[in-house]
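One-letter residues, chain by chain:
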Amino acid sequence: MEQNRITIERDKKVALVAHDNKKKDLVEWAKYNRDLLAHHTVYATGTTGALLEQELGFPIHKLESGPLGGDQQIGAKIVDGDIDFLIFFWDPLESMSHDPDVKALLRMAVVWNIPIACNRATADFMVSSPLMDEEYNRLLPEYDAYRNRAKMEAVSE
């Protein structure tokens, strides 16, 4: 499969998401990394965005709460190229009513080959990488064959 190169700019578009039991961890992590995050564009879902804006002191692009569609909004922004980087502190021990949305969000991040951190250790490694503050050529599979196949299947039905 052919690959396209998509340039992620030096200043990233970062999505921060956390389940209720992980909000405190994400806010602590973000406060520790405040200076690094300050020159990036930060998006967040619902309550997480309000908490982050209050604690960090810079504007956060706030979307809906996860259960109200915020996870899907972030997924759509990934597809549209408006999110370069996802940090999602999710709670693996708690069943969520919107688990399908969470799975769809993680799937979009993988399909569109953006970096994902699902816990603090991974987030630490990712933001401490020299690539965090440099341009990066993200490889993206060429999906035209898939798109055309889907269109051909629809026409033949």
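Above this text you will find the structure in question.
The structure reproduced in this document is the subject of the present report. These numbers come from a predicted model, not from an experiment.

Along the chain, L52 falls in helix α3 (residues 46–56). Judged by its relative accessible area of 0%, L52 falls in the buried class. Counting along the chain gives 24 residues from L52 to E28, while the straight-line C-alpha distance between them is 9.4 Å. Not counting residues up to four positions away in its chain, the partners in contact with L52 are L16, L26, V27, A30, A44, G57 and I60.

Checked against the element boundaries, A44 lands in strand β3 (residues 41–45). When the C-alpha positions of A44 and I74 are compared, they lie 8.2 Å apart, and in sequence the two are 30 residues distant. If we skip the residues at most four places from it in the chain, A44 touches L16, G49, L52, I60, H61, K62 and L63.

Direction vectors running N to C along helix α1 (residues 23–32) and helix α6 (residues 120–127) enclose 20°, while the axes themselves pass 11 Å from each other. One element, α1, and the other, α6, form an angle in the roughly parallel class. When you trace α1 past α6, the crossing you get is right-handed. For the pair formed by α1 and α6, the contact residues are D25, E28, W29 and Y32 on the first element and R120, A123, D124 and V127 on the second. A per-class count over the contact of α1 with α6 returns four nonpolar, no polar and four charged.

This part takes up the packing of aromatic side chains. In the structure shown here, the tally under the stated rule is two aromatic pairs. An angle of 70° between the planes, with centres 5.6 Å apart, marks the rings of W112 and Y143 as edge-to-face. Of the two residues, W112 sits in the loop between α5 (99–111) and β6 (116–117) while Y143 sits in the loop between β7 (136–141) and α7 (144–156), which places them 31 residues apart along the sequence. On the accessibility criterion, W112 (15% relative accessible area) is buried.

Conventions and cut-offs
- Here the residue index of a chain counts from 1 through its sequence in written order.
- With the structure being a predicted model, the display of local features is reserved for residues of pLDDT at least 70 and the display and counting of side-chain atom pairs for 80 or more, all residues being used for whole-chain, interface and lining totals.
- To obtain the side-chain values, all non-hydrogen atoms of the structure were included, while hydrogens and water were left out.
- A run of H or I in DSSP counts as a helix once it spans at least four residues, and a run of E counts as a strand once it spans at least two, with each numbered from the N terminus.
- Buried, partly exposed and exposed residues are distinguished by accessible area as a fraction of the type maximum, computed with a 1.4 Å probe on protein chains only: under 20%, between the cut-offs, and over 50%, respectively.
- In what follows, residue pairs with any heavy atoms lying within 4.5 Å of each other are defined as contacts.
- To obtain an axis, a line is fitted to C-alpha atoms, over the contacting stretch when the element is a helix, and the angle between two such axes runs from 0 to 180 degrees between their N-to-C directions.
- Put simply, angles under 35 degrees are roughly parallel, angles over 145 are roughly antiparallel, angles from 65 to 115 are roughly perpendicular, and the rest are oblique.
- Should the near helix be turned anticlockwise from the far one by less than a right angle, the crossing is left-handed, and should it be turned clockwise, the crossing is right-handed.
- Under the grouping applied here, Gly and all other residues not named as nonpolar or charged are polar, the nonpolar ones being Ala, Val, Leu, Ile, Met, Phe, Trp, Tyr, Cys and Pro and the charged ones Asp, Glu, Lys and Arg.
- Only centres within 6.5 Å qualify two rings of Phe, Tyr or Trp (six-membered ring in Trp) as a pair; their planes then separate them into stacked at under 30 degrees, edge-to-face at over 60, and tilted for everything else.

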